[in-house]
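Observations on chain architecture
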Amino acid sequence: MSLTFAYEARTPSGEPVAGTMRALDRSSALATLRERMLIPSRLEPTTNTFSLGRLFQRSKPNERLAFFRAYAALEHAGVDFSTSFALLIDQARTPRMRDALASIRSDVEGGGEKLWSAMSHRPDEFSDLEVAMVAAGEEAGNREDIFDRLAGFLERDERLRKQLSAALFYPALVLVAALIISAYLFIVVIPQFARLFASFGVELTPLMSFLLGLTSLLVNPFVVVVGFAVITVGVSSLTGALQTREGSLAFDALRMRIPLLGEAIRKTIVARICRVLATLLQSGVNQVRALEVAIPVAESPIYSSAIETARERIAGGVSSSLEEALAATGQFSPLVLGFVRVGGSAGNIPAMLVKVAEYYEEDVESLLSAVPTIIQTAVTLGLGGVVAVIVYVVYVPLSTLSSSIH
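Quick caveat: nothing in here was measured; it's all calculated off a predicted structure. Within any chain, residue numbers begin from 1 and follow the written order of that chain's sequence. Only residues with pLDDT of 70 or above have their local features reported here, since the model is predicted, and side-chain atom pairs are shown and tallied only from 80 upward, although totals for entire chains, interfaces and linings are computed over all residues. Values shown for side chains rest on all heavy atoms present in the structure; no hydrogens or waters enter the calculation.

1. So, the packing of helix 11 (residues 245-255) against helix 14 (residues 301-315)
Structural elements are reduced to axes, namely lines fitted to C-alpha atoms, with helices fitted over the stretch in contact, and the angle between N-to-C directions of any two is expressed from 0 to 180 degrees. Under the DSSP-based scheme used, a helix requires at least four consecutive residues in state H or I and a strand at least two consecutive residues in state E, with every element numbered from the N terminus. The interhelical angle for the contact between helix 11 and helix 14, taken along N-to-C directions, is 110 degrees, at an axis separation of 8 Å. Considered as vectors, helix 11 and helix 14 are oriented roughly perpendicular to each other. For the pair helix 11 and helix 14, contact is made by Arg245, Ser248, Leu249, Asp252 and Ala253 and by Pro301, Ile302, Tyr303 and Ser305, respectively. Across the contact of helix 11 with helix 14, the residue classes tally to five nonpolar, two polar and two charged. Roughly parallel means an angle under 35 degrees; roughly antiparallel means over 145; roughly perpendicular covers 65 to 115; every other angle is labelled oblique. It only takes one pair of heavy atoms within 4.5 Å for two residues to be counted as in contact. For this classification, Asp, Glu, Lys and Arg are treated as charged, while Ala, Val, Leu, Ile, Met, Phe, Trp, Tyr, Cys and Pro are nonpolar and the rest, including Gly, are polar.

2. Description of the confidence of the model for the protein chain
Here the protein chain averages 80 in pLDDT, and 92% of its residues register 70 or above. The predictor reports its confidence for every residue as pLDDT, a score running from 0 up to 100. Taken element by element, the predicted model of the protein chain shows its lowest mean pLDDT in helix 2 (residues 52-57) (41) and its highest in helix 15 (residues 322-329) (92). Predicted confidence for residues 47-58 stays below pLDDT 50, and this span has 12 contacts to residues more than four positions away or in other chains.

3. A word on the packing of aromatic side chains
Note on aromatic contacts: the rings of Phe and Tyr and the six-membered ring of Trp form a pair at centre separations within 6.5 Å, being stacked when their planes are under 30 degrees apart, edge-to-face when over 60 apart, and tilted otherwise. Summed over all chains, the structure comprises 12 aromatic pairs. With a centroid separation of 5.6 Å and 75 degrees between ring planes, the pair formed by Tyr303 and Phe332 is classed as edge-to-face. Note that Tyr303 is positioned in helix 14 and Phe332 in the loop between helix 15 and helix 16 (334-346), a separation of 29 residues in sequence. For Phe332, a relative accessible area of 8% corresponds to the buried category. Ring centres of Tyr359 and Tyr360 lie 5.7 Å apart, and the angle between their planes is 45 degrees; this geometry places the pair in the tilted category. When accessible area is computed with a 1.4 Å probe and restricted to protein chains, residues below 20% of their type maximum are described as buried, those above 50% as exposed, and intermediate ones as partly exposed.

4. A look at a nonpolar patch on the surface
Think of a patch as exposed residues, more than 30% relative accessible area, with no salt bridge, where like charges cluster within 9 Å and nonpolar side chains (Val, Leu, Ile, Met, Phe, Trp, Tyr) cluster within 5 Å. Using a 1.4 Å probe, the Shrake-Rupley method yields the accessible areas, and only the shown protein chains count as cover for residues. In what follows, salt bridge is the name for a side-chain nitrogen of Lys or Arg lying within 4 Å of a carboxyl oxygen of Asp or Glu. Taken together, Ile187, Leu207, Phe210, Leu214, Leu217, Leu218, Val219, Val389 and Tyr392 make up a surface patch of nonpolar side chains, about 830 Å² in accessible area. Of all the elements, helix 9 (residues 206-218) adds the most residues to the nonpolar patch, at five residues. With respect to the secondary-structure elements, Tyr392 resides in helix 17 (residues 349-405).

5. A word on empty space enclosed by the protein
We place a 1 Å grid over just the protein atoms. Points where a 1.4 Å probe fits but has no way out form a cavity, open points with protein on both sides within 12 Å along at least 5 of 7 lines form a pocket, and any residue with an atom within 4 Å of a point lines it. Grid points are joined across faces, edges and corners, and a volume is the space filled by probe spheres set on the points. Considering all chains together, one arrives at one cavity of 30 Å³ or more under this definition. Of the pockets and cavities examined, the largest cavity occupies roughly 40 Å³. Around the largest cavity, the lining residues are Phe153, Arg156, Asp157, Leu160, Arg272, Arg275 and Glu361. Elements that contribute at least two residues to the lining of the largest cavity include exactly helix 8 (143-199) and helix 12 (261-282). Per-element accounting of the lining of the largest cavity gives the leading share, four residues, to helix 8. For the lining of the largest cavity, the per-class residue count stands at two nonpolar, no polar and five charged.

6. Quick look at the environment of Ser13
Mapped onto the elements of the fold, Ser13 is located in the loop between strand 1 (3-10) and strand 2 (16-23). Overall, the relative accessible area of 67% leaves Ser13 in the exposed class. Here the alpha-carbon distance between Ser13 and Leu38, two residues 25 residues apart in the chain, equals 9.8 Å.

7. Description of the nonpolar core
Only buried residues count toward a nonpolar core, which is a set of Ala, Val, Leu, Ile, Met, Phe, Trp, Tyr and Cys residues joined through side-chain atoms within 4.5 Å. Core analysis: the biggest nonpolar cluster contains 74 residues, and Phe67 and Leu115 have the highest contact counts within it. If we skip the residues at most four places from it in the chain, Leu115 touches Tyr71, Phe81, Phe85, Ile104, Val108, Val134, Glu138, Arg143 and Phe147.

The structure is reproduced here in C-alpha cells:
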C-alpha cells in the first residue's frame, strides 16, 4: 500500500518547489525526488485520515477547471508547453496551485517526465481520474481534447453538487431557526407564565408542570456538562466508527434510506460513476483501468466496493462484459444495466453511459426542486404544533385566572 509524503525541495537552479507524492516508503520517496533532480529539505508522511484542515487545503474544482480549460485552449492554439505553463502559473488563483504547476513544469522540462506522471506526484491537486485521462490522452496524441472533456466533467459534477447543497441549505436554516424559537418558548416564555400563575395561586396543569420540570432539568449546569460530555464522546466514537469499513458502509446505507433525499444521493452517485466511465472509455482507457479509477470518484463506500467487485470480475475473466460485471454487484438498476447492454451490442458503451448520466441528472434536479418545499412544510407544521402545545398549556391556567378575577 502506497503512502503520501509532503515534501519541500529545490531544483538544480535553486528554485523552491513543494508538494505531495505517493511512494511505498521514505526511501522510495527520496529516490523519486533524486530521479526528478530535486534536492529535498523536508520529507514527511501525511495522514490519510479525514481532517478539516486537509479538506480546506485541497485544490478547489474551479481551480482545476480553469487550468484544464486554459491549457486546452493554449494547446489548440499551438502554444508550446513551456510558454503555456508559464502563462498558467502566472494566472493561478492560489499560491498552492501556482506551486503545483511550477513543480509539474520542472518535472516535465527538467526531469523529462510525461505530463501525467508529473501530475501524479501532486495527489492533493489532481485526482486519479484526471491523471488517468491525461495519460490516455498523451498515449493517443489528443491531449487537448482530453483536457476539454475533463473540464466538461468537472463543470457538470460541480453543478450537481451545488444543486444538492442549495437544496439542503434553506431547509436546514429553517430547521435551525425553528429549534431556536422552540427553545426560547420552552426556556423563557413558559417559566414566565408559570411564575405569573403562581403569584395568583392558580394551579398548574399536569402538562405545564411536566414541561417546567423538563426545562429545569435541561438547563441544569450539571446536566448540561454531562450532556456535552456525552455528545463529545458520541461524536468521537462515531468519527472513529466511520473510519472503519463496516462503519462507513453502514453510514452510506443509512443516508441512502433517507426518504426522497436518499434517492437523490444514490442517483447522483450513479450519474457520476457513469460520467467517469464514459469519459475514460471515450479517451481510450480500457475497462479494467476505467473501473479502477472510478472507485474513489464514486465517493460512496457501497458503490466503491461494487465497482471494485466489477473490476475484479472483468480482470479475472469471471465476467465477459461490463454489463455482466455490474449486474453481479447488485447495486445498479435494470435501467443502467439495460443501457450498458445496448451499448455493448452496438459497440458504443460510452454513449449509453452518457445517456444514463443525463437521465439521472435530470431526475435528481426534479427531486431536488421538491426537497426544499417538503422539508420547509414539515418544519413549519412541526413548529406550529409546538406553538399549539404552548398555547394550550398557557390558555388553561389563564382561563382559570380570568374566572377567579371575575
